[in-house]
Every structure is written in structure tokens, then in C-alpha cells.
Amino acid sequence: MALAAVASGWPQTGLAESLELKVAPLLSRTPSGRCPATLSLSETLQPYREGSYGVNGQAALGSIASGWHLANRDAFSVTWVGQLRAPYQRCTASAGIVRADGAPDQDRSYLRLRFSDGQAQLILDMTGRRDPNGYTPAILSAGLRQGLPMWSWGGSD
């Protein structure tokens, strides 16, 4: 997987990859409040282990929300929730990955954000993803680092 990962655009081991998420207001008759235009998250490929691969991620989203906490976790997904900061309290929108290290990338739908009711929800979801052996990748860890969402996920190669 390590060779395939590098060839397919994954960052090299230890180098962080910047993922840009574009925010799109909800199509609604009720106008959304002010929303951020784009947000950045980062992921780093773990050192190679025979038979598997892993990815560490973090979301430096302190500029848009505070009080992040782990709201839900199961075998397939994790959801963190934070309170939107004053400028974005009325934002009703969602965000998904549109770029990875500056290059267009819309194949990675496993990280998403939702903005509603004064809250931001960051969702890491492996549903529908497949590793090279046809298994669903596993969420290895999820929590907070310095009050912000962090995670690890991986699969078999």
C-alpha cells in the first residue's frame, strides 16, 4: 500500500497533506448566516507496516468553533461537535474535500463538516470505502489534541 499510496497522491510517510474543504450553504428558503469559505485539515501517512497502512489526521478548526467534544463513535464513523464562534453562529452549510495539497480531489468523501443550529460537526466516516483487499478501513483512534479533533484510521494492503 505504501507504494500505491504515494503513487495515488497520498503524502509520503511523515509529511502532512493539506486537505481543503469548500463550504456550501444549504439550499433553503431561509438564508444562511455568514459561513467560512474554505477550511483546511491535515492528514499524515503513518510509517509502513507490513500488511497494513494507517493515516493520522487533525483538524485545526479553533478559528470557527470552540468547545470541541467527541459526540459519537462507532465502528464506521466518528463525529465531533463544537460551538460555532460568533461570526458563524447562523451558518447553515456543509463542507467536503475539494483539494489535496492544492490539486483537485473530490474522491475523498470520508471527511465532512456540517454547520447548523450554532454548531459545527466534523464527521469522519469510512462507510463505503474499501482498502486494497476489499475491507472497510477501521477507525483506529479518535479524540482531541489541544481541544481540537484528531484521529487515526487504516486498512490492509
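What you are looking at is a predicted structure, and each value in this text was computed from that prediction instead of being measured.

> Is there a simple way to think about the state of the cysteines in this case?
In this structure the tally under the stated criterion is one disulfide. Here Cys35 is linked by a disulfide to Cys91, with a sulfur-sulfur distance of 2.1 Å. Here the disulfide of Cys35 and Cys91 is right-handed, its torsion about the S-S bond being about 110 degrees. Pair noted here: Cys35 is in the loop between strand S1 (16-25) and strand S2 (38-45) and Cys91 is in the loop between strand S5 (77-84) and strand S6 (93-100), with a separation of 56 residues, a long-range link. By relative accessible area, which is 1% here, Cys91 ends up buried.

> Teacher, can you tell me more about the packing of aromatic side chains here?
For any pair of aromatic rings, the description consists of the separation of the ring centres together with the inter-plane angle of the planes. Under the criterion given, the structure shown has three aromatic pairs. Aromatic pair Tyr53 and Trp153: ring centres 6.1 Å apart, planes at 85 degrees, arrangement edge-to-face. Highlighted residues: Tyr53 in strand S3 (residues 52-58) and Trp153 in strand S11 (residues 148-156), separated in sequence by 100 residues. Judged by relative accessible area, which is 8%, Tyr53 ranks as buried. Connected via pairs of aromatic rings, a cluster forms that spans Tyr53, Tyr110 and Trp153.

> Looking at this model, I keep getting lost on the pairing of S1. Mind explaining?
On a regular strand, one side chain projects to one face of the sheet and the next to the other, so that they alternate. Strand direction decides the pairing type here: S1 and S2, joined by seven bridges, are antiparallel. Bridge pairing in S2 places Leu19 opposite Leu41. Bridge count between S1 and S6: seven bridges; the pairing is antiparallel. Of the residues in S6, the one forming a bridge with Leu21 is Ile97.

> What is the right way to look at the pattern of salt bridges in this model?
Two side chains that carry opposite charge are able to pair once their charged atoms sit near each other. Within this structure, the stated rule accounts for three salt bridges. Across the salt bridge formed by Asp105 and Arg108, the nearest N and O atoms sit 2.7 Å from each other. Summarising the burial analysis for this pair, Asp105 and Arg108 share the class buried. Between Arg112 and Asp125 there is a salt bridge, with the nearest N and O atoms lying 3.4 Å from each other. Placement of the pair is Arg112 in strand S8 (residues 111-116) and Asp125 in strand S9 (residues 119-125), with a sequence separation of 13 residues. Salt bridges linked by common partners bring Glu17, Asp105 and Arg108 together as one network.

What counts as what
- Residues numbered from 1 in each chain as written.
- Predicted model: local features only at pLDDT ≥ 70, side-chain atom pairs only at ≥ 80, totals over all residues.
- Heavy atoms only, no water.
- Disulfide = S-S within 2.5 Å.
- Helix = DSSP H or I, 4+ residues; strand = E, 2+ residues; numbered from the N terminus.
- Buried < 20%, exposed > 50% of the residue type's maximum accessible area, 1.4 Å probe, protein only.
- Phe/Tyr/Trp six-rings, centres within 6.5 Å; stacked < 30°, edge-to-face > 60°.
- Pairing = 2+ DSSP bridges.
- Salt bridge = Lys/Arg side-chain N within 4 Å of Asp/Glu carboxyl O.

Interpretation note: all reported values are geometric properties and have no functional meaning in isolation.
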